[in-house]
Amino acid sequence: MALATAVPPPAEVAEVKVDWTHYHNHAETTALLKDFAGDYPNLCRLLSIGKSFQGKDIWCLEITNSGTGPAAEKPGMYIDGNTHAGEVSGAETCLYMIRHLLENYGKDPLVTRLVDTRTFYILPKINPDGSDAYLRKPGDPVDPALKKVDDDGDGLLDEDGPEDLNGDGIISQMRVRDEKGPFKTHPKDPRLMVERRFDEKGEWRVVGPEGLDNDKDGRTNEDPPGGARSVTNRNYPAYWAPDWVQSGGGAYPLSEPEAKAQVDFILAHPNIAGVQAHHTHSGVILRPYCNMGDDQIPAQDMAYFMAVGAVGTELTGYPVLSVYNDFTTDKANPRHGVFVDWAYDFFGAFAFTTEIWKAPGETGKSAFDTFDELLAMQWNDKELGGRGFVDWTAFKHPVLGEVEIGGWNSNYFSQNPPPEFAEAEWKKNCLFELKHSEALPFLKIAGVKVVPLGDRLFRVLATVENEGFLPTNVTQKAIDHRLAKTVKARLELEDGEILSGGTTVDLGHIPGNNPAVSSPRGGAAAGSLNQRVAQWLVRLKGKKAQAVVTAVSEKAGTTKTKISLQ
Ligand SMILES: [Ca+2]
Ligand SMILES: [Ca+2]
Ligand SMILES: [Ca+2]
Ligand SMILES: [Ca+2]
Ligand SMILES: [Zn+2]
């Protein structure tokens, strides 16, 4: 990097207003990203990394101070959201991060330093098609230019969309009275149902989502306008498995255009050292692996996962969990082809996936552990005025006859936070991810010593330091998998000859700034562990000369300094 030049945002730029009580669809997100890119041309650049199945741009806002060097020569922090259609919280958290970085640049010292020294690649919506299908309200127009999607693979396109039968704007559940049904009315709250005991009579059977089975295939609302195809988080080239092992992986790794665009983008940006994906929900920070235990993670990597993760827990209140150990109910059927495993194991970055939002009533480690509906209902009554639950009401269904429509409005109660609770979630995750980016390895030239040896001979000693917390190789796994590149120091000399050392000196991998964590097996090492010295012996043609020392690390950045020899 060149010398730092602070770029204060132009004074006349008004803040980009973002309503954090609103979940933004693709068109709204696009407009916001264009506003940010237009307002902060020195700090960010809007890139389309590819198109979704329906032809929507998958946006990446690249954020760094262009005055302090090219984006590719700084440690990269990759942040994405909304891979799963309904997990729209991830997109909002990305937008929050974007706004936080751009509008606090020049005001907040940490933000300013990070935007000067790191490059953020922020992709709010990996899956804009699925996200739009989820956010679409019953009756909203569908853009006729978009490709239609056969969600259920029956050869018909968009043939069974949702019907808001009772006209309340929400697609709820339908239930019918049935003595053989699995549920009875909850004895403590008549709005709720509970499973009957084997020796009790049933009262209710849930027949599916509110609507009509338009194509009479026995399923209701299974192929709505638009749609998402799969784009699940199982389509990545890490321990991928086909349908007979796990459903949802797609036809082959990266068969989905969104996943392919995402992986191609990351591979084209090898400076990316930190990876953060956003999903919902559970209120947990997940780390690798999805299909293996912690014995497969080198001790040093585990120490870093714990150290960075602990900051995450402190700032978000979310525990850091292994997907396999703590987030997989059936250990015989773990997840395959998951992004976080690819990013850590196959790309060599330090990767987390956060499941944003722990809904009230979800008292277990993960959202699928427990749902205490009484607790959830109490919270719903107290905090939301009952808005999170649609009371069951009778409706005369044209096909099913007498039904009741109601139940949890789970999209904005459990799957995503209710709007008034959203901003606090976005903010605390943003603050953790800033800390993750602060932990990335960061190269600097701590000093250059020029020792005159007489007769136009000089010894040049450049001390290259990793100021960051993580080592320049980022993970031990990256070394094991031959992904990590060593740090190189280069001397460019006018009017002289390098006699020993060669132009480029290989400095190996440089540990981070905390030796206790850098070498967990050997205990604390010497204080200068995070420094390496490059040496050259040179002979000048004349009495003096100018030279440039450059230190290059793929993931810790490039830095250079000018020296004079005389
Ligand atoms: Ca279909
Ligand atoms: Ca309804
Ligand atoms: Ca149907
Ligand atoms: Ca329907
Ligand atoms: Zn998800």
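Note that this is a predicted model, so its numbers are computed, not measured.

Each helix and strand in the protein chain was counted, giving 12 helices and 22 strands. Projecting the C-alpha coordinates of the protein chain onto the three principal axes gives extents of approximately 105 × 50 × 45 Å. Expressed as a percentage of the 566 residues in the protein chain, the buried residues total 53%. Considering only contacts within the protein chain whose residues lie at least 6 apart along the sequence, 73% involve residues at least 24 apart. Total accessible area on the protein chain is roughly 23800 Å²; 53% of this is exposed by carbon and sulfur atoms. Side chains of the protein chain carry 59 positive and 79 negative charges; the gap between the two charge centres is 9 Å.

What follows concerns the coordination of the calcium ion (ligand 1). Donor atoms from the polypeptide that bind the calcium ion (ligand 1) are Asp150 (OD), Asp152 (OD), Asp154 (OD), Leu156 (O), Glu159 (OE), Glu159 (OE) and Asp223 (OD), placed at 2.2 to 2.7 Å. Going along the chain, you hit the donors of the calcium ion (ligand 1) in the pattern D-x1-D-x1-D-x1-L-x2-E-x63-D.

Coordination of the zinc ion (ligand 5) by the protein is provided by His84 (ND1), Glu87 (OE), Glu87 (OE) and His279 (ND1), with metal-donor distances spanning 2.0 to 2.7 Å. What the four donor atoms of the zinc ion (ligand 5) show is an angle range of 54 to 143 degrees at the metal, which sorts the shape as irregular. We note that the donor set of the zinc ion (ligand 5) lies within a single chain, spaced as H-x2-E-x191-H. You can see histidine 84 sitting in the loop between strand 3 (76-81) and helix 2 (89-104) and its partner histidine 279 sitting in strand 9 (residues 272-280), a full 195 residues away along the chain. Here histidine 279 falls in the buried class, since its relative accessible area comes to 3%.

A full pass over the atoms with the stated rule returns 25 aromatic pairs. Among the aromatic residues, those joined into a ring-pair cluster are Tyr239, Tyr289, Phe305, Tyr344, Phe346, Phe350, Phe352 and Phe432. Taking the ring centre of phenylalanine 53 as reference, the NZ or CZ of lysine 147 above it sits at 4.6 Å. The ring of tyrosine 324 carries lysine 331 above its face, with NZ or CZ at 5.6 Å from the centroid.

Within the protein chain, residue pLDDT values average 93, and 94% of them lie at 70 or more. By mean pLDDT, the top-scoring element of the protein chain is strand 4 (residues 119-123) (99), and the lowest-scoring one is helix 12 (residues 515-518) (62). When the criterion is pLDDT under 50, residues 520-527 qualifies, and its contacts beyond four places in sequence or with other chains add up to nine contacts.

With that settled, the discussion passes to the nonpolar core. One finds Ile63 and Phe265 to be the most contacted residues of the largest nonpolar core, which totals 104 residues. Counting residues per element, this core draws most heavily on helix 2, which supplies seven residues. Three or more residues apiece are contributed to this core by two domains, here domain 1 (31-133 + 231-360) and domain 2 (443-565). Not counting residues up to four positions away in its chain, the partners in contact with phenylalanine 265 are Leu47, Ile49, Cys60, Tyr78, Tyr121, Leu123 and Ile272.

Right, let's get into the packing of helix 2 against helix 3 (residues 109-117). Direction vectors running N to C along helix 2 and helix 3 enclose 100 degrees, while the axes themselves pass 8 Å from each other. Regarding the angle of helix 2 to helix 3, the classification is roughly perpendicular. Between helix 2, through His100, Leu101 and Asn104, and helix 3, the contact on the second element is made entirely by Val111, Thr112 and Val115.

Turning next to the pairing of strand 9. Of all nine residues that make up strand 9, nine are buried, and the element is covered over most of its length. Pairing of strand 3 with strand 9, which is carried by six bridges, proceeds in the parallel orientation. Across the sheet, tyrosine 78 pairs through a bridge with valine 275, a residue of strand 9.

This paragraph deals with the sheet that holds strand 11 (residues 320-322). Sheets are built from strands paired through backbone hydrogen bonds, the pairs being either parallel or antiparallel. Read from one edge of the open sheet, eight strands run 1-2-4-3-9-12-10-11, paired in mixed fashion. On the outer flanks of this sheet lie strand 1 (44-51) and strand 11, each paired with one strand and no other. Ignoring strand direction, the axes of neighbouring strands in this sheet form an average angle of 25 degrees. Judged from the three bridges that link them, strand 10 (residues 284-287) and strand 11 form a sheet pairing that is parallel. Considered in strand 11, the bridge of leucine 286 is made with leucine 321.

Compared with the 26 Å implied by 1.5 Å per residue over 18 residues, the 25 Å span of helix 6 (residues 299-316) between its first and last C-alpha is a close match. Just beyond helix 6, the residue with positive phi is glycine 317, at close to 80 degrees.

Moving on: the packing of helix 6 against helix 10 (residues 419-439). One can describe the packing of helix 6 onto helix 10 by two numbers: an axis separation of 9 Å at closest approach and a directional angle of 160 degrees. The orientation of helix 6 relative to helix 10 falls into the category roughly antiparallel. The chirality of how helix 6 crosses helix 10 is right-handed. Mapping the contact onto sequence places Val308, Val311, Gly312, Leu315 and Thr316 in helix 6 and Lys428, Asn429, Leu431, Phe432, Lys435, His436 and Ala439 in helix 10. Of the residues belonging to the contact of helix 6 with helix 10, the class tally is six nonpolar, four polar and two charged.

Moving on to the domain arrangement of the protein chain. Interface size, as often reported, equals the accessible area lost upon joining of the parts. On domain assignment, one finds that the protein chain holds domain 1 (31-133 + 231-360) and domain 2 (443-565). Each of domain 1 and domain 2 has a C-alpha centre, and these two points are 31 Å apart. Counting from both sides, the interface comprises 24 residues of domain 1 and, opposite them, 22 residues of domain 2. Summed over both sides, the interface between domain 1 and domain 2 buries roughly 1900 Å², with carbon and sulfur atoms accounting for 60% of that surface. Per-residue buried area on domain 1 facing domain 2 is highest for Glu73, Gln300 and Tyr304; these three make up 30% of the total on that side.

How each quantity is defined
Residues numbered from 1 in each chain as written. Chains lettered and ligands numbered in written order. Predicted model: local features only at pLDDT ≥ 70, side-chain atom pairs only at ≥ 80, totals over all residues. Heavy atoms only, no water. Helix = DSSP H or I, 4+ residues; strand = E, 2+ residues; numbered from the N terminus. Buried < 20%, exposed > 50% of the residue type's maximum accessible area, 1.4 Å probe, protein only. Contact = heavy atoms within 4.5 Å. Areas by Shrake-Rupley, 256 points an atom, 1.4 Å probe, with all protein chains shown as cover. Lys, Arg positive; Asp, Glu negative; His and termini not counted. Charge placed at Lys NZ, Arg CZ, Asp CG, Glu CD. Donors = N, O, S within 2.8 Å, 3.2 Å for Na, K, Ca; no water. Tetrahedral: all angles 85-135°; square planar, octahedral: opposite > 155°, others 65-115°. Phe/Tyr/Trp six-rings, centres within 6.5 Å; stacked < 30°, edge-to-face > 60°. Lys NZ or Arg CZ within 6 Å of the ring centre and 35° of its normal. pLDDT = per-residue confidence, 0-100. Core = buried A, V, L, I, M, F, W, Y, C linked by side-chain atoms within 4.5 Å. Domains from an automatic or database assignment. Axes fitted to C-alpha atoms, helices over the stretch in contact; angles between N-to-C directions. Parallel < 35°, antiparallel > 145°, perpendicular 65-115°, else oblique. Pairing = 2+ DSSP bridges. Expected span 1.5 Å × (residues − 1). Left-handed = near helix turned anticlockwise from the far one by under 90°. Nonpolar A, V, L, I, M, F, W, Y, C, P; charged D, E, K, R; others polar. Buried area = accessible area lost by both parts, 1.4 Å probe.

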